[in-house]
Amino acid sequence: KRFPLVGSTVIIMLPMSTRIHAVTAREVLDSRGTPTVEVEIRLSGEAAGRAAVPSGASTGTHEALELRDGDTRRYGGKGVRRAVAHVRGPIAKALKGFDASHQARLDARLLELDGTPNKARLGANALLGVSLAAAHAVAASRKLPLFRSLGGSGARVLPIPMMNIINGGAHANNTLDIQEFMIMPIGAGRFSEALRMGAEIFATLKQILKRAKQTTAVGDEGGFAPNLPSNEHAIRVVLQAIEQAGYTPGRHVMLALDCAATEWTAAPRSENGALPGVKTRETRYRFFKSAPTKAMPASTLVTLYQKWMSKYPLVSIEDGLGEDDWYGWRALTRALGSRGQLVGDDLFVTNVERLRRGIAERIANAILIKVNQIGTLTETLEAIALAKSAGYGTIISHRSGETEDVTIADLAVATNAGQIKTGSLSRSERVAKYNELLRIEETLGPRAVYAGTRWPLVRGR
Ligand code: PGA
Ligand code: ZN
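Residues numbered from 1 in each chain as written. Chains lettered and ligands numbered in written order. Predicted model: local features only at pLDDT ≥ 70, side-chain atom pairs only at ≥ 80, totals over all residues. Heavy atoms only, no water.

## Some thoughts on the nonpolar core
Inference 1: Among the nonpolar cores identified, the biggest contains 135 residues, and Ile41 and Ile91 are the most heavily contacted of them.
Inference 2: Looking at which element gives the most residues to this core, the answer is helix 3 (residues 124-141), with 11 residues.
Inference 3: Not counting residues up to four positions away in its chain, the partners in contact with Ile41 are Ile20, Ala22, Val23, Ala47, Ala48, Gly49, Val130, Ala133, Ala134 and Ala137. (Core = buried A, V, L, I, M, F, W, Y, C linked by side-chain atoms within 4.5 Å. Buried < 20%, exposed > 50% of the residue type's maximum accessible area, 1.4 Å probe, protein only. Helix = DSSP H or I, 4+ residues; strand = E, 2+ residues; numbered from the N terminus. Contact = heavy atoms within 4.5 Å.)

Structural data, given as structure tokens:
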């Protein structure tokens, strides 16, 4: 009588269902045709997850180490067979039976296995693939989309896309020094509308370039790569495209730049960014494509950005100065931090130690988050949490070398990051992330909030 089995449901518990049964990896290709690591994890409950690792071109010196084979007989030395072997060998062995639902513990185990400060032994590409594949497998075992599995029911903010519609710098073979000219459709009511606005502006820009007899071939991140007379000219062409598409710059659409100014650094620097043998702590920069002979101090760039922020609806500047120029960054933040978003990418490299220094010294007011700069999901989440607690803006970002993997779209919503940078409105490895965000918006239904409706996101410092 106390055990009325008849007519009741018998629940069979599967407590070990998130334990890791198998870990495997393979070499696949990224969007530049360069090898990268893909990892698959199967749990004992039969759920499985897969993740592919992105790769940068204008990488920061302080990033975690991307392990490449260096065997010039294959892929010009860029093979990743060693990283793959590390996953299939020591990592798979150590994680067998490990409960993947404890992401922080799993990532701590990966760090312990590697044992170096920058993941140089096993490779950040090996570690990141495992870390992300585990998160995907756990989401699958819970039968949840990744954004929900990671972020819970509070995850519902669709990010403002920062769409890189003109490519320059190290990402394109053209005359522009600035790496990324981006649009931010903040005037949309929903993410899907922001995406449409971006695509319309991109299509209009193509017509404008065509008419001007400029090339409409695209760069690494899917933006056009025209040979325009100057960086400022590119800003003006973008504004023209926004207007011709029927939108008002400064009201519907804002501008953002990624200068990637580490690439402009004129000479080797000492630790504090000074030139060897030079008393001043000012780093010198050189536009390496438009005017390769003319070096200028950081203060000249600060004045230039100031001018552009006054003249144009430019609200965000990423890596306006170099990765080790803390001195220049301090002046840059003092001059422009209250006027807009100053984003540290190469400067912070998704690293909590470097971000902590930036917060303490009042440098920048936003951080670019790239999972492969740091190499595990847990450390990525820590960097986001620290940034948010300090009132810094957070932008989840792709790399210039990407794959069809869309993890960062889910990560952006899981953390309510508010902004995502994932390229232009062409090339499927870019558009795949936008399409994932469309699916997420649909899943969330009326609960979805588009971050553009909460603009301005950044108060500055
Ligand atoms: P990368 O460029 O992926 O080539 O480093 C992206 C960026 O600088 O934001
Ligand atoms: Zn950048």
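Having put the structure on the table, let's press on.
## Let's talk about the site of ligand 1
Inference 1: Looking at ligand 1, there are 15 residues lining it, with Ala57, His171, Arg399, Ser400 and Lys421 nearest.
Inference 2: Note that an oxygen atom of ligand 1 is positioned 2.8 Å from one of the side-chain N or O atoms of His171.
Inference 3: Asp345 has a polar side-chain atom sitting 3.1 Å from an oxygen atom of ligand 1.
Inference 4: Notes on ligand 1: free accessible area 280 Å², of which the protein chains cover 100%. (Near = heavy atom within 4 Å. Polar contact = N/O pair within 3.5 Å; in protein donor to acceptor, adjacent residues only side chain to side chain. Areas by Shrake-Rupley, 256 points an atom, 1.4 Å probe, with all protein chains shown as cover.)

## Section: the packing of helix 5 (residues 191-211) against helix 6 (residues 231-244)
Inference 1: Contact geometry for helix 5 and helix 6: axes closest at 8 Å, N-to-C directions at 120°. As judged from the angle between their axes, helix 5 and helix 6 are oblique. Both helix 5 and helix 6 take part in a crossing whose hand is right-handed. Counting all contacts with helix 5, which are made through Ile201, Thr204, Leu205, Ile208, Leu209 and Arg211, the residues of helix 6 involved are Val237, Gln240, Ala241, Ile242 and Gln244.
Inference 2: Tallied by class, the residues present in the contact of helix 5 with helix 6 amount to 7 nonpolar, 3 polar and 1 charged. (Axes fitted to C-alpha atoms, helices over the stretch in contact; angles between N-to-C directions. Parallel < 35°, antiparallel > 145°, perpendicular 65-115°, else oblique. Left-handed = near helix turned anticlockwise from the far one by under 90°. Nonpolar A, V, L, I, M, F, W, Y, C, P; charged D, E, K, R; others polar.)

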